[in-house]
Amino acid sequence: MRKVLVVLLAFLSLQPVYAEQRPVLEWCLDDHPNWHNYPDDGEPYGLTVDLMQLIAERANIEIRFSPKIPFVRCLLMMKNGQTDLMTSLNYTDERSAYMHLLPYDTAKPEVLFLRAEQHDIQYREQLFGKTVILVRGYAYNAELAEIIGRKHITIVEATSLDMAFAMLLLGRADALIGPAQSSINVLSSNPRYDQQFKQASFALPFKTLRQVNLGLSRNSPHSHLHKQLQTVIDSLIAEGLITRFRYDKEAAKNE
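Residues numbered from 1 in each chain as written. Predicted model: local features only at pLDDT ≥ 70, side-chain atom pairs only at ≥ 80, totals over all residues. Heavy atoms only, no water.

Colleague: Describe in detail the pattern of salt bridges, supporting the description with residues and values.
Modeller: Summed over all chains, the structure comprises eight salt bridges. Put simply, Lys68 and Asp40 hold a salt bridge, and the shortest N to O gap is 2.5 Å. Taken together, the residues Lys68 in strand S2 (residues 62-68) and Asp40 in the loop between strand S1 (24-29) and helix H2 (47-59) connect sequence positions 28 residues apart. For Asp40, a relative accessible area of 72% translates into the label exposed. Taking the shortest distance from any N to any O, the salt bridge between Glu117 and Arg115 comes out at 3.2 Å. The class for Glu117 is exposed, based on a relative accessible area of 61%. (Salt bridge = Lys/Arg side-chain N within 4 Å of Asp/Glu carboxyl O. Helix = DSSP H or I, 4+ residues; strand = E, 2+ residues; numbered from the N terminus. Buried < 20%, exposed > 50% of the residue type's maximum accessible area, 1.4 Å probe, protein only.)

Shown next, in the form of structure tokens:
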């Protein structure tokens with residue numbers, strides 16, 4: 001009996017050691033309403049948070065939230081191996097050089113915005129001769145240049161999406177091409193933009209929609225987990241759970 005007790009105590013004493021061996025990865029994130037909200041006085045919440053917790057459970061890892069960090073700074077931290085994970089990423093060759101990009105969904109195409117009082121744009125040729133704002137640092141679909149005919153328009157860059165809408169509002173350009181959900185977030189969070197803009201009828205006719213990716217820094221000490229994470233993501237896609245977390249929950253919330 002005494003030997004059994006000694007063995008049991010030895011087993012129990014090892015449990016904290018095993019628990020510590022579970023990898024802890026930092027998720028670098030900002031406030032991105034509709035996907036992951038990050039309030040100033042609380043923990044992140046939202047659809048992507050729920051999805052990431054499920055991925056962590058399936059992959060047998062733990063996820064630690066970073067402080068609220070601007071998107072561009074998160075990219076730099078990923079490049080330097082100062083953080084581990086980012087979500088909702090478009091693919092670029094530059095990003096792929098310093099992070100594993102693990103696709104988990106299809107990205108929404110970019111949207112063409114106009115001032116509310118402007119004439120609608122229904123087809124591509126109506127953009128010719130106009131000035132169009134693009135957001136510096138945003139990873140646009142590679143087909144965009146051919147679609148809008150950059151030889152026929154003037155491109156100006158804004159340092160942020162908020163600045164891009166400010167420039168459009170001030171008449172410094174005729175149109176803005178921006179990411180769909182992020183643009184909605186900017187417009188809804190700025191009272192000065194209320195009813196000042198509209199979406200053009202012209203839908204950018206991309207032949208190939210891009211993937212939304214989970215990024216794992218190649219310079220992270222946990223970089224070797226990329227295959228394990230991709231296997232988990234693939235299984236969630238096959239089970240239809242990605243759709244549930246990214247669309248069905250949102251639809252139910254809005255009913």
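Colleague: Can you tell me about the environment of His152, naming the residues and giving the values?
Modeller: Relative to the elements of secondary structure, His152 occurs in the loop between helix H5 (144-148) and strand S7 (154-158). Separated by 25 residues in sequence, His152 and Leu127 have C-alpha atoms that sit 8.0 Å apart. Not counting residues within four places of it along the chain, the set of residues in contact with His152 comprises Phe128, Gly129 and Lys130. (Contact = heavy atoms within 4.5 Å.)

Colleague: With reference to specific residues and values, describe the sheet that holds strand S8 (residues 175-178).
Modeller: A sheet is described by the order of its strands in space; here five strands give the open sequence S7-S6-S8-S5-S9, paired in mixed fashion. Two strands lie at the open edges of the sheet, namely S7 and strand S9 (197-199), each paired on one side alone. Here the average twist between neighbouring strands, direction ignored, is 30 degrees. Two strands pair when backbone bridges link them, and strand S6 (residues 131-135) and S8 are joined in this way by two bridges, in the parallel orientation. Looking at the pairing, Ile133 lines up with Leu176 of S8. Where helix H6 (residues 161-169) meets the sheet, it contacts strand S5 (111-115), S6, S7, S8 and S9, and its direction lies at approximately 165 degrees from that of S8. (Pairing = 2+ DSSP bridges. Axes fitted to C-alpha atoms, helices over the stretch in contact; angles between N-to-C directions.)

Colleague: Which residues make up the layout of surface pockets, and what values do they have?
Modeller: If you add up the space inside the largest pocket, you get close to 1400 Å³. As for the largest pocket, its lining consists of 47 residues, and the residues nearest its centre are Asp30, Phe71, Tyr138, Pro179 and Ser182. Counting residues per element, the ones that place at least two in the lining of the largest pocket are S1, helix H3 (71-80), strand S3 (85-89), helix H4 (93-98), H6 and helix H7 (180-189). A class-by-class count of the residues in the lining of the largest pocket yields 24 nonpolar, 13 polar and 10 charged. As for the second largest pocket, its lining consists of 13 residues, of which Leu134, Tyr138, Tyr140, Leu144 and Arg150 are closest to the centre. Take the lining of the second largest pocket: its biggest share by element is three residues, from H5. (1 Å grid on protein atoms, 1.4 Å probe; cavity = no way out; pocket = protein on both sides within 12 Å on 5 of 7 lines; lining within 4 Å. Points joined across faces, edges and corners; volume = space filled by probe spheres on them. Nonpolar A, V, L, I, M, F, W, Y, C, P; charged D, E, K, R; others polar.)

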